[in-house]
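Inside the fold
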Amino acid sequence: MTRYIVKRLGTSLVTLLFVILLTFVLMHSVPGGPFAQEKEAPPEVLDALNAKYHLDQPLVVQFFEYLGGLLRFELGPSFKYTGRTVNDFIVNGAPFSMRLGLITLVFVLIAAIPMGILAARRNGRWPDAVVMIIATLGITIPSFVAAAGLMYVFAYRLNWVPTFGLDKPTSYILPVLALGGYSLSFLARLMRSSLLEVMGQDYIRTARAKGLSEVRVITRHALRNAIIPVLTVLGPTVAGLLTGSFVIEKIFAIPGMGSYFVDSVTQRDYTTIMGMTTFYAAFLITMVFVVDLFYRLVDPRIELG
Amino acid sequence: MESLLEVRRLRTTFRAGRSRHDAAVQAVRSVDFQLGRGETVGVVGESGSGKSVTALSLVGLLPKTALVEVDKLTLDGASISHLSRRQLRDLRGRRIAMVFQDPMTSLNPLMRVGRQIDEMISAHDRRLTRRERKRRVIGLLAEVRIPEPEKRYNSYPHEFSGGMRQRVMIAMAMALRPEILIADEPTTALDVTIQDQVLRLMRRLQGESGTSILLITHDLAVVAGMCSRVIVMYGGLIMEEAPTTSLFAQPMHPYTIGLLGSLPALRQGQSDRLDSIPGAPPDMTAPGDGCPFAPRCKYARVRCERALAPYYAVADGHRSRCWLLDAAAPGADSPFGEADGELRRKVVPLDD
Ligand SMILES: Nc1ncnc2c1ncn2[C@@H]1O[C@H](COP(=O)(O)OP(=O)(O)OP(=O)(O)O)[C@@H](O)[C@H]1O
Ligand code: SF4
Ligand SMILES: [Mg+2]
C-alpha cells in the first residue's frame, strides 16, 4: 500500500510538472504579451514593466523562477490587476468554486446511484423509462443551454430562486442542476447498465441458490460489484464538474475561480493563467489519486504495489 | 429405493421477447424422473438439451422470462411446486443445494470466501453466533481439504485456483447437509486431475451425509464412476433412462448409442463435448410432433416424423422413447444387435 502511494505520488508530481511546462511553453509561443494592448505606452515604460515582471529574462530562467515561487506557494503578482496576486484570486474564488463543485458532486452521487438502481430493478417498466428519459435529456442538452433554460423558467418566470450569486441556500439549486446534469445522467445510466449486468452474473445465481432474500442478494452481492464501474469514472467526473464550472460560474455570476480564469486567458495575464492552471491540475491529480485509492480499497482483485 | 424427489411432467418455456408473438423456447418439454435417498443420478445430453434448465426449474432459479409448469413435484412426499417465495428460499441451500459449472465466476469476487460460506449458514440458522458460524466454516473448509483453513477464511476468490474454488462451492453447498445436491457440470471447467479430486470429494461428503446427488455432465466417464442411474436428455425430453451398467452394456436408444460412440474421443481428451453425432441440435422454438432426434437418426422412418414415441420399458428401471422398440417395428438393421427380436418381445409400452 505505502509503496503504491509513494509510486503514485511520484507520477503525480511528474504529471504536474509536465502540465506546468506545457502551459508555460504554449503561453509564450503565442504572439503578443500581457502589455501588448497598451499601445500608447512609451517603450521605456514597457521595458520597465517587462523588467519588473522579469519578462526580459531568458525563458528558461523565467520558468525556474516560477517553479521556485511554486515551492513557496507563491503564484506571483497579477499582470493585469496591480497590487493583487494570483494567490488572492484563488483564496477569494476557491471557496465558491469548491463549495459549488462539492455540493454538485454529492448531489450527483446521491441522485445518480439510486436512479440507476431503480431503473435496473424496474427494467423495462415505467420507472426505468422515466429515468432513461431524464438521463438522455441530461446528456444531450449542453450545460449552458440548460443553465439558461433553468434560469429563465425558475428564476425569471416563476421567481422561485435567485437569478445569480450564491447568497442564499436556494441560489445553489440552479447552478448545481446545470453543472451536474451531464454527470448525473451519465452516472445514472452507468449504474443502471452495470447493475443489470451484475444481476446476470453467476455469483448472483449462487447467492440466490443459498436461499438469500432478494434484498440481501442486491445489497450484499450486486451493489458492491455494480458500483465499481461508477468509481472508475469518478475521477473524470470530478474533472468534468471542475471545468464545467467555468461556464456555469460565468452564467450565474458566481465569483468563483472560473471567472478569473476565463478573464485571465483573454487578457494574457500570464501569471494568472499559469497559477490557475497549476492549481486546477494539482487539484485534479489529487482527486483522481484519491478516487483511485478508494477504488482499490473496494476491489480486492487489484494488487497494490 | 425410497423416492426423495419426484418430478412429473415438468415443462419450462422461455418467452423469447417482449412481444407475445415471439416464438417461445421450449427448453424442457416433458420431463419426469425420481431421485432416491442417497442415490446419485446422472443427467447427460448434448449442449442445449435442457439439463440445466431442468435443474434450475426445480428450485425456481430461472429468470422471470421462464414459465415453469409441473404436474407433480414432491420432496420427501410434500409438494414443492407451489411454494411462496419465502418457502422457496428456505428450501434453497438448506434442503436442495447447488454447485455450478464455472467456479471462476460462481463466487462473488469482492467477498471473502469464508463469509460467502457463512452466508449459507446464517441465511438458514439465526441461532448461531457469528463466532460459532466462523468455527463451522473453518471446519467445512478443512473438510474439503483447503490448507490452512483459518487463514484461507479471509481469502478472496481470486486468490484460489479453480479446483480450490470448486471445493469452496462444495463446502458451501454441503454446509447444511442438504437432502439433495444438484451439481451442474461441476468438473467441466477443471483440469482432468483436479476433476477427479472434486468428484472424490463429492462422493466422500455424500457418504457422510447421505445426500442425494443429481449430477449433470457431458462426460460419460464421470457418469460411469459416480452414478447408479442415468437420464439421457435430448431436445428437452428424456430419451432414455437406465441403471448405469445397463445403459453402457445395452443402450436402447439411437441417440444414446451415438453418445456412447463418441466416448473414445472423449477419453483421448480431444473434446469434452458430446458433439460427434452428425447434425445440428433441434429447433426448440418449433419442436413439432415427431421424435426430435429424427433429422439426425439413421433409423428414422415416416412414423418417427409424425409422432413422438412413448416410453417402452426395456427392463426393470430401463425405459426408452423410440419407435424401434415397438412390437410392430421391423427388426431388420436394428441398432440393438442380434438379440433384438427377443429384446423387443420383452418391451412393454408405458403410459405417459
Ligand atoms: N434464460 C434463458 N432464456 C432463454 N432461453 C434459455 C435460457 N436458458 C436456457 N435457454 C435455452 O434452453 C435450452 C436448454 O438450455 P440448457 O441450459 O438447459 O441446456 P444444457 O443441456 O444445460 O446445455 P449445456 O450442456 O450447454 O449446459 C437451450 O436451447 C437454451 O438456449
Ligand atoms: S423414434 Fe425414430 S427417429 Fe427417434 S430415435 Fe427412434 S428411430 Fe430414431
Ligand atoms: Mg447446462
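If you're wondering where the values come from, they're calculated on a predicted model, not measured in any experiment.

About the thresholds
Residues numbered from 1 in each chain as written. Chains lettered and ligands numbered in written order. Predicted model: local features only at pLDDT ≥ 70, side-chain atom pairs only at ≥ 80, totals over all residues. Heavy atoms only, no water. Helix = DSSP H or I, 4+ residues; strand = E, 2+ residues; numbered from the N terminus. Buried < 20%, exposed > 50% of the residue type's maximum accessible area, 1.4 Å probe, protein only. Contact = heavy atoms within 4.5 Å. Areas by Shrake-Rupley, 256 points an atom, 1.4 Å probe, with all protein chains shown as cover. Lys, Arg positive; Asp, Glu negative; His and termini not counted. Charge placed at Lys NZ, Arg CZ, Asp CG, Glu CD. Near = heavy atom within 4 Å. Nonpolar A, V, L, I, M, F, W, Y, C, P; charged D, E, K, R; others polar. Polar contact = N/O pair within 3.5 Å; in protein donor to acceptor, adjacent residues only side chain to side chain. Core = buried A, V, L, I, M, F, W, Y, C linked by side-chain atoms within 4.5 Å. Pairing = 2+ DSSP bridges. pLDDT = per-residue confidence, 0-100. Buried area = accessible area lost by both parts, 1.4 Å probe. Salt bridge = Lys/Arg side-chain N within 4 Å of Asp/Glu carboxyl O. Patch = residues over 30% accessible without salt bridge, like charges linked within 9 Å, V, L, I, M, F, W, Y side chains within 5 Å. Phe/Tyr/Trp six-rings, centres within 6.5 Å; stacked < 30°, edge-to-face > 60°. Lys NZ or Arg CZ within 6 Å of the ring centre and 35° of its normal. Axes fitted to C-alpha atoms, helices over the stretch in contact; angles between N-to-C directions. Parallel < 35°, antiparallel > 145°, perpendicular 65-115°, else oblique. Left-handed = near helix turned anticlockwise from the far one by under 90°.

1. Comments concerning the overall build of chain B
Helix and strand counts for chain B come out as 13 helices and 13 strands. Considering chain B as a whole, with its 352 residues, one finds that 55% of them fall into the buried category. Residue pairs in contact within chain B that sit at least 24 positions apart in sequence constitute 67% of those at least 6 positions apart. With an accessible surface of roughly 15800 Å², chain B has 49% of that area assigned to carbon and sulfur atoms.

2. Here we look at the overall build of chain A
In terms of regular secondary structure, chain A is built from 12 helices and 0 strands. Along chain A, from the amino end to the carboxyl end, the secondary structure elements read α-α-α-α-α-α-α-α-α-α-α-α. Counted over contacts in chain A with a minimum sequence separation of 6, partners at least 24 positions apart contribute 73%. Entry remark: accessible area of chain A is about 15700 Å², with carbon and sulfur atoms responsible for 70%. Of note, chain A has its 26 positive side-chain charges centred 16 Å away from the centre of its 19 negative side-chain charges.

3. Remarks on the site of ligand 2
Surrounding ligand 2, one finds His 253, Pro 254, Cys 291, Phe 293, Ala 294, Cys 297, Tyr 299, Ala 300, Cys 304, Cys 322, Trp 323 and Leu 324 of chain B. Class assignment for the residues of the shell around ligand 2 results in 11 nonpolar, 1 polar and no charged.

4. Observations regarding the site of ligand 1
Residues and elements named next belong to chain B. In the neighbourhood of ligand 1, 15 residues make up the surrounding shell, with Ser 47, Gly 48, Lys 51, Ser 52 and Val 53 lying closest. Within the side chain of Ser 52, an N or O atom sits 2.7 Å from an oxygen atom of ligand 1. For ligand 1, the protein covers 68% of the area, taking 630 Å² as the surface of the free molecule. Within the shell around ligand 1, the residues separate by chemical class into 5 nonpolar, 6 polar and 4 charged.

5. Some thoughts on the nonpolar core
Core analysis: the largest hydrophobic core is formed by 106 residues, its most contacted members being Leu 5, Phe 33, Leu 58 and Met 98 of chain B. The greatest single-element share of this core, amounting to 8 residues, is contributed by helix H6 (residues 162-174) of chain B. Once residues lying within four places of it in the same chain are set aside, the contact partners of Phe 33 of chain B are Leu 5, Glu 6, Val 7, Thr 54, Leu 58, Leu 214, Ile 231, Ile 238, Glu 241 and Arg 319 of chain B. Grouped together as the second largest cluster of nonpolar side chains are 33 residues, Ala 119, Met 191, Ile 228 and Tyr 295 of chain A included.

6. A word on the pairing of strand S1 (residues 3-14) of chain B
Working note: regular strand, side chains alternate between the two faces of the sheet. Residue and element names in this part refer to chain B. As judged from the 8 bridges shared by S1 and strand S2 (residues 25-36), these two strands associate in the antiparallel manner. What sits directly across from Glu 6, in S2, is Gln 34. Across 9 bridges, S1 lies against strand S4 (residues 66-75) in antiparallel orientation. Residue pairing for S4: Glu 6 is matched across the bridge by Thr 74.

7. Quick notes on the confidence of the model for chain B
Looking at chain B, pLDDT values average 89 and 90% of them are 70 or higher. ipTM for the predicted complex: 0.89, alongside a pTM of 0.85.

8. Comments concerning the interface of chain A and chain B
With 22 residues of chain A at the contact, the number on the chain B side is 27 residues. Summed over both partners, the interface of chain A with chain B buries about 2300 Å², with 56% contributed by carbon and sulfur atoms. Our enumeration of links across chain A and chain B arrives at 2 salt bridges. Glu 119 of chain B is the salt-bridge partner of Lys 210 of chain A, the closest N and O atoms lying 2.9 Å from each other. Run the count over chain A and chain B and you get 13 residue pairs in polar contact (both at pLDDT 80 or more). Elements with a contribution of two residues or more to the side of chain A that touches chain B: helix H8 (202-209) and helix H9 (214-232) of chain A. Taken together, the residues of the side of chain A that touches chain B sort by class into 6 nonpolar, 6 polar and 10 charged.

9. Points about a positive patch on the surface
A contiguous patch of positive charge on the surface is contributed by Arg 122 and Arg 125 of chain A together with Lys 64 and Arg 85 of chain B. Topologically, Arg 85 of chain B is positioned in helix H2 (residues 85-91). Here Arg 85 of chain B falls in the exposed class, since its relative accessible area comes to 70%.

10. What about the packing of aromatic side chains?
One pass over the full model with this rule turns up 12 aromatic pairs over all chains. An angle of 80° between the planes, with centres 5.6 Å apart, marks the rings of Phe 63 of chain A and Phe 64 of chain A as edge-to-face. One Lys or Arg, Lys 134 of chain B, reaches over the ring of Tyr 153 of chain B and ends 4.7 Å from the middle of that ring.

11. Details of the pairing of strand S3 (residues 40-44) of chain B
Residues and elements named next belong to chain B. Of all 5 residues making up S3, 5 are buried, and the element is well covered by its neighbours. Burial along S3 is two-sided: the residues Thr 40, Gly 42 and Val 44 and Val 41 and Val 43 are all buried. Taken together, the 4 bridges between S3 and strand S8 (residues 212-216) define a ladder with parallel strand orientation. Each bridged residue has a counterpart across the sheet, and for Thr 40 the counterpart in S8 is Ile 213. Relative to strand S9 (residues 229-234), S3 is paired through 4 bridges, and the arrangement is parallel.

12. Some points on a nonpolar patch on the surface
All names here are of chain A. Where nonpolar side chains cluster on the molecular surface, the patch consists of Ile 133, Leu 137, Ile 141, Phe 144, Val 145 and Val 247 and spans about 530 Å² of accessible area. Elements supplying a minimum of two residues to the nonpolar patch: helix H5 (126-140) and helix H6 (143-157). By the secondary structure assignment, Ile 141 is in the loop between H5 and H6. Since its relative accessible area comes to 37%, Ile 141 is described here as partly exposed.

13. What about the packing of helix H3 (residues 113-124) of chain B against H6 of chain B?
Residue and element names in this part refer to chain B. The N-to-C vectors of H3 and H6 enclose an angle of 25°; their axes lie 8 Å apart at closest approach. Relative to H6, the element H3 lies roughly parallel. Of the two possible hands of crossing, H3 and H6 adopt the one that is right-handed. From H3, Val 113, Gln 116, Ile 117 and Met 120 reach across to H6, where they touch Val 168, Ala 171, Met 172 and Ala 173. Across the contact of H3 with H6, the residue classes break down as 7 nonpolar, 1 polar and no charged.

14. Observations concerning the pattern of salt bridges
Residues and elements named next belong to chain B. One pass over the structure, following the stated rule, counts 29 salt bridges over all chains. Taking the shortest distance from any N to any O, the salt bridge between Asp 71 and Arg 11 comes out at 2.9 Å. Taken together, the residues span a long stretch of sequence, with Asp 71 in strand S4 and Arg 11 in strand S1 at a distance of 60 residues. Residue classification places Asp 71 among the partly exposed residues on the basis of a relative accessible area of 48%. Since its relative accessible area comes to 19%, Arg 11 is described here as buried.

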